[in-house]
Each structure stands twice: as C-alpha cells, then as structure tokens.
Amino acid sequence: MKYMLLIPASILTLLLIAVVRALLTPGKRSEYAPPEADGRALMLAGKLSKMISCDTTSHANMHEPEKFLAFHRVLRELFPLVHQKLELTVIEGNLLYYWKGKSREKPILLMSHQDVVPADGEWIHAPFSGDIADGKVWGRGASDTKCSVMAFFEAVEELLAEGYVPDCDVYLASSCTEEWAGDGAPKIVGELKRRGVELFIVCDEGGGIISEPIGGIKGNFAMVGVFEKGKADVKFTARSTGGHASAPGKNTPVARLAAFVNEVETHTPFKRRFLPEVSAMFTRLAPYAPFGLKLVMGNLWLFGPVMKNVLGKISAQAGAMLQTTIAFTMQSGSDAYNVIPQEATLGANMRFIPHQGEKESLELIKALAAKHGLETEVIHSNDYTEPVDINGEAFKLVERVISETFPGLPVSPYVMTGATDAQFYQPICTGCIRFAPVIYGPEQMKGMHGLNENIEYNCLPGAVDFYQNLIRAQKRS
C-alpha cells in the first residue's frame with residue numbers, strides 16, 4: 001500500500017513540474033504577415049504568370065526537350081541581365097548558372113526545379129493560363145515551384161542592375177526531372193564536382209513559410225527543412241498453384257498479402273523516436289501554442305512516450321517525422337472473379353528515418369513478408385540524407401536572413417517527409433537547406449500536385465528580398 005501511494009505522488013510531482021514550466025514559458029505570437037500587394041508584387045506576378053503559361057510537365061524516363069527549350073526562352077526574355085552576365089551551362093535541359101564573386105570561399109547555390117506534375121481534372125483557371133486573379137497567380141507550378149525559380153532569378157537580376165558583385169561565388173540551378181527523381185540534378189552535381197566546387201549552402205524547396213504548421217498553432221512560421229527521409233519502392237509477391245474459386249484452399253495469395261498488410265498496419269515493426277531536429281521543432285513552436293499544446297510540446301521529457309503513440313493519429317505528417325513509414329499503393333491478382341491467382345502482387349512506398357535507415361527498415365519488412373510466405377523485391381531505394389547541423393554556421397546564417405527579411409516570423413527546423421533535388425547535393429554540401437521563401441496556406445498546400453494550384457502574389461517581393469539578403473549575407477558571415 002505504501003508503494004502504491006508513492007507512485008501517484010511521484011507522477012503528480014512530475015505533472016506539477018511540467019505545468020509550472022508551461023506557465024513560466026512566456027506565450028508568443030507569430031507577428032509576420034506579408035504586406036499588401038503593391039506595384040512590385042504585381043510586376044513579379046506578371047513574370048511568374050509567363051513562366052506558368054509555359055507547360056513544363058515532365059514524365060518519368062521521357063526526354064521532352066522542346067517544352068524546356070521554350071521555358072528557357074521565357075527565362076531569357078524575363079531576366080536579360082542574368083543571361084548576359086552569368087555563365088550558363090545547359091545539361092540536357094537542366095540549368096546551371098555561375099556568378100563569379102570576389103572570393104571562391106563559401107559559395108552558395110540557389111535552386112528549384114523547372115518541371116511540374118501533370119494537371120488533370122477540372123480547374124477554376126486553366127492549369128497553364130497563369131491567370132492573375134483574386135490576389136493570386138493560378139496554374140500548375142505556381143507554388144511548386146516556379147515561384148521560387150522566379151524569385152531567385154529576379155533577385156540576381158535586380159542586383160546586377162545595381163552593379164552588385166557578390167562576395168562569394170553564387171550558383172543558380174534548376175533541373176527538369178525533379179518531379180520523378182530523375183537524373184537532372186545528379187548531372188548538375190556531376191558538373192560541379194568536375195569543377196571542384198564544394199558548396200557552403202544549397203537553398204532548395206522543401207520547407208517554406210507555413211500557415212498553422214501544427215493544428216492550433218496560428219500564424220506564419222518559417223519551417224526550414226534540414227534533412228530528407230530515405231525512400232524505396234518495394235514489390236511483394238505471393239505465389240500458389242492457383243485453382244477454381246469454388247473450392248478455395250487456405251492461405252491463398254491474396255489472403256497472405258492481406259494478412260501481411262493487416263499486421264504491418266496494426267503492429268508496425270518500426271520504432272518511433274524523437275530525433276533532435278523534431279524535438280527542437282516542438283520546443284520552438286511550444287511558446288506559440290495554446291496552453292494544452294504548450295504543456296505537452298514543451299515537456300517532451302515527460303510526455304514524449306505518450307506523444308510517440310498518439311501523434312500519428314493527430315497528424316499523419318507529424319507522425320511521419322518519428323518513424324519509418326510504409327504506404328501500400330498498388331495491388332494485382334487474378335483477372336477473373338472465380339479464379340484464384342497463381343501470383344498476386346502488392347506495391348508499397350517506404351520512407352526511412354535516421355534511427356532505422358534503409359538497411360534496417362528493409363530487413364524488417366522483408367522478414368515480416370517472409371513470415372507470410374511473400375517474396376520481396378526492392379525496385380528502387382535510397383537512404384535518408386544527413387541532417388544539417390541546426391546549431392551550425394549554415395543553418396544559423398539562413399535563420400538570421402529569414403529574421404531580417406521577414407520581421408516577426410518565427411523559425412523552426414523541419415523534417416522533410418517528401419523528397420527534393422537537394423538530396424543529390426549532399427556529397428558536395430553539408431548545408432543543404434530546404435526552404436522556399438513564400439507563404440503556403442491551406443489552399444496552397446492542397447493545390448500542390450492537386451487541382452487549382454496557386455500562390456498569393458503579395459508574398460513574392462519577400463521571396464525576392466530573401467534571396468538577395470542571403471547573397472549579401474555572405475559578406476557578414
């Protein structure tokens with residue numbers, strides 16, 4: 001009885017400490033909102049509109065040079081000084097620009113991709129219209145990611161017009177195969193390797209200025225991606241002698257696949273863990289949360305074990321930051337309702353987390369598949385990227401530039417659960433930052449790879465200013 005009384009008392013003490021800590025943490029508010037659109041914003045919207053109206057849809061393993069050559073002509077028209085003053089290398093439609101600086105020390109590379117995903121379905125504004133309406137620029141690529149391509153080209157165009165010479169070498173890059181993880185970015189990296197270039201910072205898409213990054217936390221926040229999870233496409237196959245459906249045996253191929261999926265879905269083999277970058281994200285966001293969330297997010301030392309189990313139920317995106325994930329996406333079996341297949345297959349997409357990387361995660365899933373009599377074939381696989389040091393020079397510099405460019409905008413590290421071209425730059429850069437300096441509200445997030453993609457053009461001047469400030473910041477770094 002004595003020990004039973006001690007346990008609740010100790011828990012009560014820990015809870016009391018957590019509550020006091022939350023009460024003593026000053027509440028904060030994100031103060032940043034973009035200014036009202038002005039003439040400059042409308043001018044930038046016009047440039048983005050012309051870029052969107054050039055259809056640069058890419059398809060896996062297809063070489064379609066004409067559409068990208070047309071896009072390059074648009075870039076030359078919109079940014080003449082960039083094309084007069086910078087050295088351009090075109091590698092099968094992929095672009096690499098070199099702006100010689102006063103020093104070769106700590107070069108930076110600004111990048112985002114030219115290509116877009118297909119635009120199917122019924123749109124309010126035609127997907128390649130580039131319509132400017134309701135304070136937005138509409139069309140495929142508006143937010144993913146011709147907005148940032150436009151912004152860093154415009155940033156350099158304006159600096160060149162001033163006669164500015166950067167203190168460090170500056171590179172601009174844009175691949176035409178990002179949407180299907182093609183070989184565009186690797187070819188650019190190969191060229192940089194050939195030149196012996198080691199980059200200080202790569203600034204790609206991935207994170208951004210996100211409105212309400214976690215439900216209940218209001219306002220705009222700069223979510224800076226610091227690494228990407230690994231990725232694999234995996235095929236599972238169940239075999240049998242087949243037969244007529246009127247006399248089914250046990251453990252038919254489809255049944256074994258179903259049992260496998262059920263076990264993975266209900267008893268995941270993957271461990272949940274708060275990585276330092278994820279813990280830092282929750283710690284930084286906690287002061288901006290309502291009290292209940294602040295109590296939990298600001299005291300992971302106590303609530304972490306509970307959060308590991310419930311976070312994925314609250315937010316699939318947040319839950320994916322804690323573990324390797326697997327999503328079952330494709331399935332095939334018999335061509336007839338009354339035939340048991342001799343072979344049934346299942347396709348899945350996996351995303352690897354650092355504490356259970358590519359090798360361990362694949363071994364776990366292969367062992368579980370074998371338990372159900374399934375064969376496993378890895379179609380494609382790559383491991384996670386090494387995290388950027390959130391206390392290091394590159395991250396701190398970007399953090400400072402964000403704060404200077406967007407006063408009142410909180411900055412937080414962020415884990416990329418998707419994939420970007422930045423992954424290919426890891427061999428020549430330890431500071432691969434994933435941050436597009438535009439605002440992504442719920443409507444913009446929904447439109448990416450979906451219907452009615454758009455960007456609010458009042459945020460475009462800030463994006464241009466960010467890239468200019470990042471270039472200028474090297475003088476003070």
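Residues numbered from 1 in each chain as written. Predicted model: local features only at pLDDT ≥ 70, side-chain atom pairs only at ≥ 80, totals over all residues. Heavy atoms only, no water.

## Thoughts on the pattern of salt bridges
Working step 1: A complete count under the given rule lists 25 salt bridges for this structure.
Working step 2: Residue Glu 77 is joined to Lys 50 by a salt bridge in which the shortest nitrogen-to-oxygen separation is 3.5 Å. Here Glu 77 is found in helix α3 (residues 65-78), whereas its partner Lys 50 is found in helix α2 (residues 39-52), with 27 residues between them in sequence.
Working step 3: The exposure class assigned to Glu 77 is exposed, which follows from its relative accessible area of 52%.
Working step 4: Glu 191 is the partner of Arg 195 in a salt bridge, and the nearest nitrogen-oxygen pair spans 2.8 Å.
Working step 5: Each of Glu 87, Glu 191, Arg 194 and Arg 195 takes part in a single network of salt bridges with overlapping partners. (Salt bridge = Lys/Arg side-chain N within 4 Å of Asp/Glu carboxyl O. Helix = DSSP H or I, 4+ residues; strand = E, 2+ residues; numbered from the N terminus. Buried < 20%, exposed > 50% of the residue type's maximum accessible area, 1.4 Å probe, protein only.)

## Describing the layout of surface pockets
Working step 1: Within this model, the largest pocket holds a volume of roughly 1,200 Å³.
Working step 2: Surrounding the largest pocket, 42 residues form its lining, Gly 206, Gln 317, Tyr 414, Thr 417 and Met 445 being those nearest its centre.
Working step 3: The dominant element in the lining of the largest pocket, judged by the number of residues it contributes, is strand β7 (residues 201-211), at 6 residues.
Working step 4: Looking at side-chain class alone, the lining of the largest pocket contains 17 nonpolar, 17 polar and 8 charged residues.
Working step 5: In this structure, the second largest pocket spans a volume of roughly 500 Å³.
Working step 6: At the level of secondary structure, the elements contributing two or more residues to the lining of the second largest pocket comprise α7 (253-266), α10 (300-314), α11 (316-319), β11 (325-332) and β13 (343-352).
Working step 7: Ranked by residues supplied to the lining of the second largest pocket, first place goes to α10 with 4 residues.
Working step 8: Taken together, the residues of the lining of the second largest pocket sort by class into 6 nonpolar, 10 polar and 5 charged. (1 Å grid on protein atoms, 1.4 Å probe; cavity = no way out; pocket = protein on both sides within 12 Å on 5 of 7 lines; lining within 4 Å. Points joined across faces, edges and corners; volume = space filled by probe spheres on them. Nonpolar A, V, L, I, M, F, W, Y, C, P; charged D, E, K, R; others polar.)

## Details of the packing of α2 against α3
Working step 1: Two elements in contact, α2 and α3, have axes whose closest approach is 9 Å; the angle formed by their N-to-C orientations is 160°. The orientation of α2 relative to α3 falls into the category roughly antiparallel. Along this stretch, α2 crosses α3, giving a crossing that reads as right-handed. Residues Lys 47, Lys 50 and Met 51 of α2 pack against Phe 71, Val 74, Leu 75, Glu 77 and Leu 78 of α3. (Axes fitted to C-alpha atoms, helices over the stretch in contact; angles between N-to-C directions. Parallel < 35°, antiparallel > 145°, perpendicular 65-115°, else oblique. Left-handed = near helix turned anticlockwise from the far one by under 90°. Contact = heavy atoms within 4.5 Å.)

## Considerations on the state of the cysteines
Working step 1: Counted according to the given criterion, the structure contains 0 disulfides.
Working step 2: Free of any disulfide, Cys 54 has its nearest cysteine sulfur in Cys 176, 12 Å distant.
Working step 3: In this structure Cys 459 is not part of a disulfide, and its nearest cysteine sulfur, from Cys 147, lies 7.0 Å away. (Disulfide = S-S within 2.5 Å.)

## Quick look at the sheet that holds strand β14 (residues 375-382)
Each strand in a sheet pairs with its neighbour through backbone hydrogen bonds, running either in the same direction (parallel) or in the opposite one (antiparallel).
Working step 1: If you walk across this open sheet you meet the 4 strands as β11-β13-β9-β14, and the pairing is antiparallel. Taken across any chain shown, the strands that pair with only one partner, and hence form the sheet edges, are β11 and β14. For this sheet, the mean inter-axis angle between neighbouring strands, taken without regard to orientation, is 20°.
Working step 2: As defined by bridge partners, β11 adjoins β13 across 7 bridges and the pair is classed as antiparallel. Bridge assignment links Ile 326 to a residue of β13, and that residue is Met 350.
Working step 3: Across the sheet, helix α12 (residues 358-371) is in contact with β9 (230-239), β11, β13 and β14; its angle to β14 comes to roughly 160°. (Pairing = 2+ DSSP bridges.)

## Concerning unusual backbone geometry
Working step 1: Across the junction of Asp 144 and Thr 145, the peptide omega takes the value -10°, indicating a cis bond.
Working step 2: Looking at the secondary structure, you find Thr 145 in the loop between β5 (136-138) and α5 (146-162).
Working step 3: Positive phi, normally seen in glycine, also occurs at Asn 251, with a value near 55°.
Working step 4: One can find Asn 251 in the loop between β10 (243-244) and α7.
Working step 5: Given a relative accessible area of 57%, Asn 251 falls into the exposed group.

## Some thoughts on the side chain of Gln 468
Working step 1: Turning to its location among the elements, Gln 468 is positioned in helix α15 (residues 460-473).
Working step 2: Within the local environment of Gln 468, its side chain forms a polar contact with the side chain of Glu 158, the two groups lying 2.8 Å apart.
Working step 3: Beyond its immediate stretch of four places on either side in the chain, Gln 468 contacts Glu 154, Ala 155, Glu 158 and Leu 159. (Polar contact = N/O pair within 3.5 Å; in protein donor to acceptor, adjacent residues only side chain to side chain.)

## Notes on the sheet that holds strand β17 (residues 454-456)
Working step 1: Spatially, β4-β5-β17 is the arrangement adopted by the 3 strands of the open sheet, whose pairing is antiparallel. Sheet topology places β4 (132-133) and β17 at the edges, where each strand pairs with a single neighbour.

## A few points about a nonpolar patch on the surface
Working step 1: On the surface, Leu 14, Ile 17 and Trp 301 cluster together to form a nonpolar patch covering roughly 270 Å² of accessible area.
Working step 2: Of note, Leu 14 is situated in helix α1 (residues 2-24).
Working step 3: Residue class for Leu 14 comes out partly exposed when judged on its relative accessible area of 35%. (Patch = residues over 30% accessible without salt bridge, like charges linked within 9 Å, V, L, I, M, F, W, Y side chains within 5 Å. Areas by Shrake-Rupley, 256 points an atom, 1.4 Å probe, with all protein chains shown as cover.)

## Re the nonpolar core
Working step 1: Membership of the largest hydrophobic core comes to 103 residues, with the highest contact counts inside it found for Leu 172, Phe 282, Ile 402 and Phe 466.
Working step 2: Those residues in contact with Leu 172, other than ones at most four positions away along the chain, are Val 82, Leu 86, Leu 95, Leu 96, Tyr 97, Leu 110, Phe 152, Phe 153 and Val 156.
Working step 3: Counting residues in hydrophobic clusters, the runner-up holds 19 residues, among them Ala 232, Ala 238, Ala 344 and Leu 346. (Core = buried A, V, L, I, M, F, W, Y, C linked by side-chain atoms within 4.5 Å.)

## Quick look at the pairing of strand β15 (residues 411-416)
Working step 1: Counting buried residues in β15 gives 6 out of 6 residues, a clear majority hidden from the surface.
Working step 2: Residues Val 411, Pro 413 and Val 415 of β15 are buried on one face, and the alternating residues Ser 412, Tyr 414 and Met 416, pointing to the opposite face, are buried as well.

## As for helix α13 (residues 393-405)
Residues spaced three or four apart along an α-helix face the same direction, because each turn holds 3.6 residues.
Working step 1: Between its first and last C-alpha, α13 extends 18 Å over 13 residues, near the 18 Å set by a 1.5 Å rise per residue.
Working step 2: The complete set of buried residues in α13 reads Ala 394, Phe 395, Leu 397, Val 398, Glu 399, Val 401, Ile 402 and Thr 405.
Working step 3: Against the buried residues of α13 lie β7, β8 (220-228), α8 (276-285), β15, β16 (432-440) and α15. (Expected span 1.5 Å × (residues − 1).)

## Looking at the pairing of β7
Working step 1: Of all 11 residues making up β7, 9 are buried, and the element is well covered by its neighbours.
Working step 2: Note: strand β3 (residues 103-111) against β7, 3 bridges, orientation parallel. Bridge pairing in β7 places Ile 108 opposite Ile 201.
Working step 3: Where β7 meets β16, 7 bridges bridge the pair, whose relative direction is parallel. The partner of Asp 204 across the bridge, within β16, is Arg 434.
Working step 4: Sheet topology places β7 next to β8; 4 bridges connect them, and they run antiparallel. When the sheet's bridge partners are listed, Ser 211 is paired in β8 with Asn 220.

Function-wise, these values are silent; they only describe arrangement.
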